[in-house]
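# Results of the structural survey
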Amino acid sequence: MKLSYSWLKDYLKCDLTPAQVAEAMTSIGIEVDGVEESEEIPGGLAGVVVAEVLTCEAHPDSDHLHITTVNTGSGEPVTVVCGAPNVAAGQKVLLAQIGTVLPGDFKIKKSKIRGVESFGMICAEDELGIGTSHDGIMVLPADAIPGTPAKEFLHLKTEAVIEYEITANRVDAASHWGVARDLYAWCKLNNVPCELTLPKVDSSAADCCASDFSPCSQERVQQSDGAIEVEVQTPDGAPRYCGITIRGLKVAPSPEWLQKRLMSIGSHPINNIVDISNFILFELGQPLHTFDAGKIRGGKVIVRRAVEGEPIKTLDGIERKLHASDVVIADTVGPMCIAGVFGGEDSGVTDATVDVFVESAYFDPASIRKTSKSQGLQTDASFRFERGADPFMQPYALRRAVQLILECAGGTVCGEAIDICPKLPERKRIELDYNRIRGFVGKDISNADMETILEALCYEFENRSDNGATVLAPSYMVDVYRECDVVEEILRIYGYNNVDLPGRMKMSVAPTPSPDPEAIRNNVSNFLAANGFTEIMNNSLTKKDYYTQLTTFPAEACVEIVNPLSQDLNVMRQTLILGGLEVVAYNFNRQVGSVKTFEYGNVYSRRPGTDITKLENYEEHGCFCLVLAGTPEKSWKSAPAKSDYFQLKGYVELLLKRYGCDLYQLWTEPAPADIFSDGVSYQLPGKGPKLVSMGIVNPALCRRFGIKQQVVAAEISWPALLELVTRDKVAFKELPKFPEVRRDLALLLDEKVSYADLRGAAFRQAKKLLRQVGLFDVYRGDKIPAGKKQYALSFVIRDEEKTLTDQDTERLMDRLLQMFKNDFGAELR
């Protein structure tokens, strides 16, 4: 949000500088992002000074140029060639000196014009950006002093704009008046001289509205004299609705002061009527809406719920389908706008508008929020309404609008002002105990300081005592219900930095679980980062369309969002792999050749066909996801290798070995084919949970993300990994005393025989002496029969009690070879 410093000073008269205002705002809980100062004319006409024309002679080589000598107020006079017809000796003018940059990025340089050197330019209005005339140079009053900067002479202003953010419960600070009110409380507490005033509504507006703004309990108000009638059919959606009709006005550009106010905070002026609505929104925080009264069919405004599927064409030109829960402002034929959210195209103010109906209302926050989300519309009005507008501000805001419209557009008020409010909301009554507040804050704040803060924030004291008070909370504070809420208001104005830290602090230390999940998770992340992986973080919300063709993660198992922000974020993710593919596609589309990422996050699912209201039908657990894709950059010492399955498997195997896991002790099965075209899933022994699934991501799935290259991925279940760590028992044994022996075998095998089968059989056959089995070569091709493959296996043999002889080793290898022949049909190569 943006706050104009000069606009703020209209309500808060004080001597604080923009930097001091920003510092005070931050201290009272309104976070300031920065202060930006902008000149009324870009550059502030730096380098332009008042000068006096000493001599003026005709240029000998031109019929329209003049050679002048100019006194700049410092140093020797300078020569300037000028083409203006009205230049003359004795004039006071504005001179742009060498190096000056004028509006339009025009830089003044030393130049030679028809053989005469010129050291500047005498300027016209349009060249300085302060007017449109180019008939001649600006001639200043005779008392202008040479050397005076143009910025000082023209009284150009510097506008300071403060950019700030508010929390969801501080919508009262979403206006200049709201910030001024908070700063006033800070100034009063800190003895900074100041005065807080709301703009007064003059008699022309007050006379037409003042006696008419007593809330009416009727839900329908009939009008006479051609004024618009109003009927509120849904008082729960619109607890307060005010309006007034103005006829005979003229839509035109806004006056300069109004345009400057809006432009200072980045709002683009449209016309006087629309600009007045926007001005009051940013001044008071009360959204208004102005209808073209000539387009209100039947001469009647109806506030009602929409009919399910009812269409409306909004100001952005889009036709939208309404829901039965949406509140609309309608006429006797159909909806004119979505209440508190967005206007309709067919009822808006245009240049041809002469009669208007001005609306100032308080809409139910929950209803507005639901409509805003379901329609995908976030506007300045909905931002304020859904967080809770001040239900007592509508009459004043309407009077203020009437005053400005009559001032800027003319016209006359027709009929009576309307204020339909069946029941004004009651202000919260809160009992305060000053001693309890001091104990809660931890600071001895005096009773007088507490009361000063609350009175400045518009709290009303019903009664006071030596040690407490009963107060009525201000209507604009929508989240103040209890004493602790009031303490928060006192403390933010008093200043959190003014609360001293105690000399001693008490705390309770919770026992650390063993193993510590947080420590293990950090260790895993550090291991992956140390091996070149980049950590990513994706949104837990994703699109349901991703799961429509999957069987491992079916769409029926998705946890759906009841009121999604968009159709791209309408379900909770069931796997991290799809988010990883989004990251791969994003990087590939931006010419990043290699992606190596990991992510930790939760995944969510629901048992299909079960009751969505029962918590036990949902599952949530953490996962690690590793993704490799692309080819690393070229290196002078080695050729780049494409990311492949075995590279990823090596990282997973290294990770699991850190926690005492041997992949060959896990149960295996093929990875799900809809996710992986080739891969494996590992499960903890004894029908334990699935630990990891990894492999080459199915090309069909990659194509759905626009990825043409091979992607390999692994997803590790966090609960299963934590159970694996729990099972790991650290054991120690002495170093071997006797040497080990290495032998190799090259075997011709059927394609269906796996390395895991061979390894398991070898350990069963020679578990006493066999220490390691490795696969160091796989060959298919020339001289290998169809349906066959060659495995080259290495064996490490050692006896713990003696040194093995050649005969011992050969006997063992013969037994292994015979077992491979008998059990697997192997042939020695």
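Above this text is the structure in question.
What you see as residue numbers is a count from 1 along each chain, following the sequence as written. Thresholds applied to this predicted model are a pLDDT of at least 70 for local features of residues and 80 or more for the giving and counting of side-chain atom pairs; totals over whole chains, interfaces and linings are not thresholded and use all residues. Side-chain metrics in this entry use all non-hydrogen atoms of the structure; hydrogen atoms and water are not considered.

It is worth spelling out the overall build of the protein at this point. Looking only at helices and strands, the protein features 21 helices and 42 strands. All radius of gyration figures rest on C-alpha atoms, and the globule criterion is 2.2 Å times the number of residues raised to 0.38. Over its C-alpha trace the protein gives a radius of gyration of 40 Å, far above what one expects of a compact globule, namely 28 Å for 829 residues. Seen through its C-alpha atoms, the protein measures out along the principal axes to roughly 120 × 85 × 65 Å. Each residue is assigned to one of three classes by its accessible area relative to the maximum for its type, calculated with a 1.4 Å probe on protein chains only: buried under 20%, partly exposed between the two thresholds, exposed over 50%. Classification of the 829 residues of the protein by burial places 48% in the buried group. Long-range contacts, defined as pairs at least 24 residues apart, comprise 69% of the intrachain contacts of the protein with a sequence gap of at least 6. For accessible areas, the Shrake-Rupley method is used with a probe of radius 1.4 Å. Any residue's cover is judged against the shown protein chains and nothing else. In the form shown here, the protein has an accessible surface area of approximately 41500 Å², with 50% of it arising from carbon and sulfur atoms. His is not counted, nor are the chain ends, whereas Lys and Arg count as positive and Asp and Glu as negative. Where a charge lies is defined by one atom per residue type, namely NZ (Lys), CZ (Arg), CG (Asp) and CD (Glu). Positive and negative side-chain charges of the protein, numbering 90 and 114 respectively, have mean locations separated by a distance of 10 Å. Strands here are runs of E lasting at least two residues and helices are runs of H or I lasting at least four, both read from the DSSP assignment and numbered beginning at the N terminus. Residue contacts follow a heavy-atom distance rule, with two residues in contact if any of their heavy atoms lie within 4.5 Å.

Looking now at the packing of helix α12 (residues 434-441) against helix α14 (residues 483-494). Axis definition: a line fitted to C-alpha atoms, over the contacting stretch in the case of helices. Angles run 0 to 180 degrees between N-to-C directions. Between α12 and α14, the least distance of the axes is 11 Å, while the angle of their chain directions is 65°. Note that α12 runs across α14; the crossing there is right-handed. Facing α12, whose interface residues are Arg436, Ile437, Phe440 and Val441, α14 presents Glu483, Val487, Ile490 and Leu491. A class-by-class count of the residues in the contact of α12 with α14 yields 6 nonpolar, no polar and 2 charged. Each helix crossing is assigned a hand: it is left-handed if the near helix lies turned anticlockwise from the far helix by less than a right angle, otherwise right-handed if that turn is clockwise. The classification used treats Ala, Val, Leu, Ile, Met, Phe, Trp, Tyr, Cys and Pro as nonpolar, Asp, Glu, Lys and Arg as charged, and all other residues, Gly among them, as polar.

Turning to the packing of helix α2 (residues 18-27) against helix α5 (residues 176-189), a few remarks are in order. The N-to-C vectors of α2 and α5 enclose an angle of 85°; their axes lie 10 Å apart at closest approach. In terms of orientation, α2 and α5 fall into the roughly perpendicular class. Facing α2, whose interface residues are Val21, Ala24, Met25 and Ser27, α5 presents Val179, Leu183 and Trp186. Looking at the contact of α2 with α5 residue by residue, the class counts come to 6 nonpolar, 1 polar and no charged. Here the angle decides the label: under 35 degrees means roughly parallel, over 145 means roughly antiparallel, 65 to 115 means roughly perpendicular, and every other value means oblique.

Attention now moves to the pairing of strand β39 (residues 741-750). Looking along a regular strand, one sees side chains alternate from face to face of the sheet. For two strands to be treated as a pair, DSSP must find no fewer than two bridges joining them. Where β39 meets strand β41 (residues 788-797), 10 bridges bridge the pair, whose relative direction is antiparallel. Residue pairing in the sheet places Leu748 in a bridge with Gln790 of β41. Where β39 meets strand β42 (residues 827-828), 2 bridges bridge the pair, whose relative direction is antiparallel. Note on β42: the bridge partner recorded for Leu748 is Glu827.

The next point concerns the sheet that holds β41. Spatially, 4 strands are ordered β40-β41-β39-β42 in an open sheet, and the strand pairing comes out antiparallel. Two strands in the sheet have a free side with no partner beyond their single neighbour: β40 (770-779) and β42. Packing against the sheet, helix α21 (residues 806-824) makes contact with β39, β41 and β42, and its axis sits at approximately 15° to β39.

Another aspect to go through is helix α19 (residues 718-727). Buried within α19 we find Trp718, Ala720, Leu721, Leu724 and Val725. Seen end-on, α19 carries its buried residues on one side only, within an arc spanning 160°. On its buried side, α19 packs onto α15 (517-530), β33 (594-606), β34 (618-630), α17 (645-657), β37 (690-697) and β38 (711-717). Taken from the helix axis, the directions to the C-beta atoms give the arc we talk about.

With that settled, consider the nonpolar core. Core analysis: the largest hydrophobic core is formed by 84 residues, its most contacted members being Met25, Val179, Leu183, Ile280 and Tyr459. Sequence-distant contacts of Val179, that is, excluding residues within four places in its chain, are made with Leu3, Leu8, Met25, Ile30, Tyr164 and Ala173. As used here, the term nonpolar core means buried Ala, Val, Leu, Ile, Met, Phe, Trp, Tyr and Cys residues forming a set that is joined through side-chain atoms within 4.5 Å. Of all hydrophobic cores here, the second largest spans 34 residues; its members include Phe527, Leu628, Leu656 and Ala714.

Another point: the pattern of salt bridges. Take a side-chain nitrogen of Lys or Arg and a carboxyl oxygen of Asp or Glu: if they are within 4 Å of each other, that pair is a salt bridge. By the definition in use, this model includes 44 salt bridges. A salt bridge links Glu310 to Arg304; its shortest N-O distance comes to 2.9 Å. Assessed through its relative accessible area of 13%, Glu310 is described here as buried. Of the charged contacts in the structure, one is a salt bridge between Arg743 and Glu810, with a shortest N-O distance of 3.7 Å. Of this pair, Arg743 sits in strand β39 while Glu810 sits in helix α21, and the two are 67 residues apart along the sequence. Relative accessible area serves as the criterion here: at 39%, Glu810 is assigned to the partly exposed category. Counted as one network, the salt bridges with shared partners bring together Arg170, Asp172, Asp182, Glu489 and Arg492.

This brings us to the sheet that holds strand β1 (residues 2-4). Whether parallel or antiparallel, the strands of a sheet pair through hydrogen bonds between backbone atoms. Sheet architecture is open: 3 strands sit in the order β1-β13-β3, paired in antiparallel fashion. Edge positions in the sheet fall to β1 and β3 (31-39), since each of these pairs with one other strand and no more. Strand-to-strand, the axes of this sheet are offset by a mean angle of 25°, without reference to chain direction. As defined by bridge partners, β3 adjoins strand β13 (residues 158-165) across 8 bridges and the pair is classed as antiparallel. Within the sheet, the bridge partner assigned to Val32 lies in β13 and is Tyr164. In this fold α2 packs onto β1, β3 and β13, with an angle of close to 165° to the strand it touches most, β3.

No statement about biological role is implied by the geometric values presented.
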